[in-house]
Amino acid sequence: MHIDLSGKHALITGATAGIGLAIASGLAQAGATVTIVGRDQTRVDTALAHINHASGRHDASGIVADPGTAQGCQAVIEARPDVDILVNNLGVYGGKPFFEIDDAAWEDIFQINVMSGVRLARHYAQGMQARGWGRIQFISSESALNIPAEMVHYGVSKAALQGVSRGLAKVLAGTGVTVNTILPGPTRTEGAKAMMATLAAERGVSAEQMEALFLEENRPSTLLKRFATPEEVANLCIYAASPQASATTGAALRVEGGIVESIG
């Protein structure tokens, strides 16, 4: 199978590192013209250099904005009014006891993890519908199905994305625009590596040992038995963005290493 996204323009939020950067690089290598969104100019510039090197071209562009706010989403839309592929990757996470998650924390995680994608999809889906082709992805998590006790608000925000995605897929039924969620599991991103290093130092073990302990203690049902790489997650996203994935819509596509105890 050869995926060719030449002539397609992709927008990826939260794409200066980790899964977002891997998705942007993969889409560019498949021929798409890529626009990434990040909050820091230096990080955006560094990511663009990586993407352009990976694709062998120099047509990737960046927008410095914060889509976690309504104003930031509007800035993105004004800078790039139309795209063919939208990947809502922006998201934050962090452990916090349930009784310490106040209203402000709930509101903050919903604005970043949920409303950023809602606002951008609401705009870009209309152009895709008019043109008769488009791909929208929401990067969710296995935590949407296995709400983690240590960060309930995160799991709930990702579950909300599942609902938004399925509902929007119904709105766009028969238009040539597909809408799906992608469900990664523990992934060796910069943020995850930093978290593992902190936990490893606290427990007097190596970072590699800490990854194994984390899975054993927090995700014991894993079949992969290791953290995934950002590129492994991105591979599924690139397929879902391709013309070959035209019959896949309204789906929750799992790339979580078999953590979810379900045959469905």
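Just so it is clear, the structure is predicted and the values come from calculations on it, not from any experiment. (Residues numbered from 1 in each chain as written. Predicted model: local features only at pLDDT ≥ 70, side-chain atom pairs only at ≥ 80, totals over all residues. Heavy atoms only, no water.)

A. A negative patch on the surface, seen in detail. Residues Asp-102, Asp-103, Glu-107 and Asp-108 make up a contiguous surface patch of negative charge. Here Asp-108 shows up in helix H4 (residues 103–131). We classify Asp-108 as partly exposed; its relative accessible area is 44%. (Patch = residues over 30% accessible without salt bridge, like charges linked within 9 Å, V, L, I, M, F, W, Y side chains within 5 Å. Areas by Shrake-Rupley, 256 points an atom, 1.4 Å probe, with all protein chains shown as cover. Salt bridge = Lys/Arg side-chain N within 4 Å of Asp/Glu carboxyl O. Lys, Arg positive; Asp, Glu negative; His and termini not counted. Charge placed at Lys NZ, Arg CZ, Asp CG, Glu CD. Helix = DSSP H or I, 4+ residues; strand = E, 2+ residues; numbered from the N terminus. Buried < 20%, exposed > 50% of the residue type's maximum accessible area, 1.4 Å probe, protein only.)

B. Quick peek at unusual backbone geometry. One non-glycine residue, Lys-225, lies in the positive phi region at around 65 degrees. Locating Lys-225 in the fold gives a position in the loop between helix H7 (207–218) and helix H8 (230–240).

C. Spotlight on the packing of aromatic side chains. Scanning all chains against the criterion turns up 3 aromatic pairs. Its guanidinium or amino end placed over the ring of Trp-133, Lys-8 lies 4.0 Å from that ring's centre, counting from NZ or CZ. (Phe/Tyr/Trp six-rings, centres within 6.5 Å; stacked < 30°, edge-to-face > 60°. Lys NZ or Arg CZ within 6 Å of the ring centre and 35° of its normal.)

D. Region of interest: the packing of helix H1 (residues 18–29) against helix H2 (residues 41–55). Viewed as axis vectors pointing N to C, H1 and H2 meet at an angle of 35 degrees, and their least axial separation amounts to 8 Å. Between H1 and H2 the crossing geometry is right-handed. Residues Leu-21, Ala-24, Ser-25, Ala-28 and Gln-29 of H1 lie in contact with H2, whose contacting residues are Ala-47, His-50, Ile-51, Ala-54 and Ser-55. Taken together, the residues of the contact of H1 with H2 break down into 6 nonpolar, 4 polar and no charged. (Axes fitted to C-alpha atoms, helices over the stretch in contact; angles between N-to-C directions. Left-handed = near helix turned anticlockwise from the far one by under 90°. Contact = heavy atoms within 4.5 Å. Nonpolar A, V, L, I, M, F, W, Y, C, P; charged D, E, K, R; others polar.)

E. Layout of helix H3 (residues 70–79). Inspection of H3 places Gly-72, Cys-73, Val-76 and Ile-77 among the buried residues, and these make up the whole buried set. With its buried residues spanning 140 degrees around the axis, H3 presents them on a single face. Pointing more than 90 degrees away from the buried face of H3 are the exposed residues Gln-71 and Glu-78. Contacts from the buried residues of H3 go to strand E1 (9–13), strand E2 (33–38), strand E3 (61–64) and H4. (Arc of directions from axis to C-beta.)

F. Up close: the environment of Arg-219. Within the secondary structure, Arg-219 sits in the loop between H7 and H8. Considering only alpha carbons, one finds Arg-219 and Thr-249, 30 residues apart in sequence, at a separation of 28 Å. Those residues in contact with Arg-219, other than ones at most four positions away along the chain, are Glu-142, Ser-143, Pro-148, Glu-150, Pro-186, Phe-214 and Ile-259. Side-chain polar atoms of Arg-219 contact the side chain of Glu-142, separated by 2.7 Å. (Polar contact = N/O pair within 3.5 Å; in protein donor to acceptor, adjacent residues only side chain to side chain.)

G. Region of interest: H4. For H4, built from 29 residues, the straight-helix expectation of 42 Å at 1.5 Å per residue is met to within 8% by its first-to-last C-alpha distance of 41 Å. Of all the bends found along H4, the most pronounced is centred on Met-115 and spans about 45 degrees. Phi for Gly-132, located one or two positions after H4, is positive at around 80 degrees. (Expected span 1.5 Å × (residues − 1). Bend = angle between axes of the 7 residues up to and from the residue.)

H. Highlighting the environment of Arg-57. Note that Arg-57 resides in the loop between H2 and E3. Since its relative accessible area comes to 23%, Arg-57 is described here as partly exposed. Sequence spacing of Arg-57 and Ala-121 is 64 residues, and the spatial spacing of their C-alpha atoms is 28 Å. Every residue in contact with Arg-57, bar those within four places of it in the chain, is listed here: Ala-28, Gly-31, Ala-32, Thr-33 and Asn-52. Reaching out from Arg-57, the side chain makes a polar contact with the backbone oxygen of Ala-32 at a distance of 2.7 Å. Among the polar contacts made by the side chain of Arg-57, one reaches the side chain of Asp-59 at a distance of 3.0 Å.

I. Layout of the pattern of salt bridges. Under the counting rule described, the total for this entry stands at 9 salt bridges. We note a salt bridge from Asp-59 to Arg-57, for which the minimum N-O separation is 3.0 Å. Within the structure, one salt-bridge network assembled from shared partners comprises Asp-82, Asp-84 and Arg-131.

J. Expanded view of the nonpolar core. Residues Ile-12, Ile-23, Leu-27, Ile-36 and Ile-182 are the most contacted members of the largest nonpolar core, which totals 34 residues. The set of elements that each furnish at least two residues to this core consists of E1, H1, E2, H2, strand E4 (85–88), H8 and strand E7 (252–255). Among residues more than four places away in sequence, those in contact with Ile-36 are Ile-12, Ala-15, Ala-24, Val-44, Ala-47, Leu-48, Ile-51, Ser-61, Gly-62 and Ile-63. Core analysis: the next-biggest nonpolar cluster, separate from the first, contains 22 residues, Ala-65, Val-83, Tyr-124 and Phe-138 among them. (Core = buried A, V, L, I, M, F, W, Y, C linked by side-chain atoms within 4.5 Å.)

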